[in-house]
Amino acid sequence: NIFAGVGGGMDRACRYLYPGDNQESYYYLSSFYGMSVTSWSQCSRRCSAEISTGCQGFEYSAGRCELWKVPPLSSEYKEGYVCGRYGYHRQSVAVDGGWNRACRDASGGNSESYYKVVTAYTFDQCEKACQADIKCLGFEKSMNYRCELWNVKPGGSTYVAGHSCWTMSWR
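Read on for a plain summary of the structure. (Residues numbered from 1 in each chain as written. Predicted model: local features only at pLDDT ≥ 70, side-chain atom pairs only at ≥ 80, totals over all residues. Heavy atoms only, no water.)

**A look at the environment of glycine 8**
As a reminder of what qualifies: Counting from the N terminus, the helices are the DSSP runs of H or I reaching at least four residues and the strands are the DSSP runs of E reaching at least two. With a 1.4 Å probe rolled over the protein chains alone, any residue whose accessible area is under 20% of its type maximum counts as buried; one over 50% counts as exposed, and the rest are partly exposed.
One can find glycine 8 in strand β1 (residues 3-15). You can call glycine 8 exposed: its relative accessible area is 62%. Measuring from C-alpha to C-alpha, the distance between glycine 8 and glycine 84 comes to 8.8 Å, with 76 residues separating the pair along the chain.

Below, the structure is given as structure tokens:
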């Protein structure tokens, strides 16, 4: 299974970074080959079929299937809902020890085209954002709220106090 239940999955509505963070721009509605979706397993299969085009999670409720374009990292209680997030079998691996390291490519480069910046208040939030983002091959977390999700695998690092550099691998 490539999906993890967010907050346990069952009776949970998907949210992005925190409970209540639910914007329509985060998802789109899906059908099952032109018909309404009748189960959470059909909804998860729709997301699996669309991973290559960016599906990062799903929310199912009574015939409604939301396919999430951002990773649902949080959830809130809603009876009858199911929330699943991509990335269940990915784990982080430290680059050069991980701590006090800033990510670099194999030749020491740090191009802004290598990553996108998201807000993460904790290391765990940054790690979860990378685990859930299908394009993320590594991440760098700094002491502030900055979290870089790398779309190329960090091939090295350099010493920078308060930063940490990790790659993603399959378990």
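Text resumes after the structure shown.
**Points about the pattern of salt bridges**
For the record, the criterion: Salt bridge, as used here, is a side-chain nitrogen of Lys or Arg placed within 4 Å of a carboxyl oxygen of Asp or Glu.
Enumeration according to the criterion identifies 5 salt bridges in this entry. A salt bridge links arginine 15 to glutamate 76; its shortest N-O distance comes to 2.9 Å. Highlighted residues: arginine 15 in strand β1 and glutamate 76 in strand β5 (residues 74-86), separated in sequence by 61 residues. Using a relative accessible area of 24% as the deciding quantity, one classes glutamate 76 as partly exposed. For arginine 46, the salt bridge identified is with glutamate 50, shortest N-O distance 2.9 Å.

**A word on the environment of phenylalanine 58**
The condition that has to hold: Contact definition: two residues touch when any of their heavy atoms are within 4.5 Å.
Along the chain, the position of phenylalanine 58 falls in strand β3 (residues 57-61). Accessibility expressed as a relative area gives 2% for phenylalanine 58, which makes it buried. Setting aside chain neighbours within four positions, we find phenylalanine 58 in contact with Phe3, Cys14, Trp40, Cys43, Ser44, Cys47, Glu66, Leu67, Trp68, Val82, Cys83 and Gly84.

**Notes on helix α1 (residues 40-49)**
For an α-helix the count is 3.6 residues per turn, leaving residues at separations of three or four pointing the same way. Within α1 the residues assigned to the buried category are Gln42, Cys43, Ser44, Arg46 and Cys47. Turning to α1, the residues buried within the fold contact β1, β2 (27-30), β3 and β4 (64-68).

**Brief notes about the side chain of glutamate 148**
Cut-off, in case you're wondering: Nitrogen and oxygen atoms within 3.5 Å of one another constitute a polar contact, given that in protein one can donate a hydrogen and the other can accept it, and given that sequence-neighbouring residues count only through two side-chain atoms.
One can find glutamate 148 in strand β9 (residues 146-150). Here the side chain of glutamate 148 touches tryptophan 150 through a polar contact of 3.2 Å, side chain to side chain. Apart from residues lying up to four places away in sequence, glutamate 148 is in contact with Asn110, Tyr115, Lys116, Val117, Gly138, Phe139 and Glu140.

**Observations regarding the state of the cysteines**
Keep this limit in mind: Cysteine sulfur atoms that come within 2.5 Å of each other are treated as a disulfide pair.
Under the criterion given, the structure shown has 6 disulfides. Disulfide pairing is shown between cysteine 14 and cysteine 83; the S-S distance is 2.0 Å. On the S-S bond that ties cysteine 14 to cysteine 83, the torsion sits near 110°, and the link is right-handed. Within this pair, whereas cysteine 14 is found in strand β1, its partner cysteine 83 is found in strand β5, the two being separated by 69 residues in sequence. Here cysteine 14 falls in the buried class, since its relative accessible area comes to 0%. Note on cysteine connectivity: cysteine 103 is disulfide-linked to cysteine 165, with sulfurs 2.1 Å apart. Measuring handedness by torsion sign, the sulfur bridge of cysteine 103 and cysteine 165 sits at about 115° and is right-handed. In this pair, cysteine 103 sits in strand β6 (residues 90-104) while cysteine 165 sits in strand β10 (residues 156-170), placing the two residues 62 residues apart along the sequence. Judged by its relative accessible area of 0%, cysteine 165 falls in the buried class. What links to what in the protein chain: the bonded cysteines, counted in sequence order, pair as 1-6, 2-5, 3-4, 7-12, 8-11, 9-10.

**Topic: the packing of aromatic side chains**
Formally: For Phe, Tyr and Trp, rings pair up if their centres lie within 6.5 Å, where Trp contributes its six-membered ring, and each pair is then called stacked (planes under 30 degrees apart), edge-to-face (over 60) or tilted (otherwise).
Enumeration according to the criterion identifies 10 aromatic pairs in this entry. For the pair phenylalanine 123 and phenylalanine 139, a centre-to-centre distance of 5.5 Å together with 55° between the ring planes defines the contact as tilted. Taken together, the residues span a long stretch of sequence, with phenylalanine 123 in helix α2 (residues 123-132) and phenylalanine 139 in strand β8 (residues 138-141) at a distance of 16 residues. Grouping aromatic residues by their ring pairs yields a cluster made of Tyr16, Tyr26, Tyr27 and Trp68.

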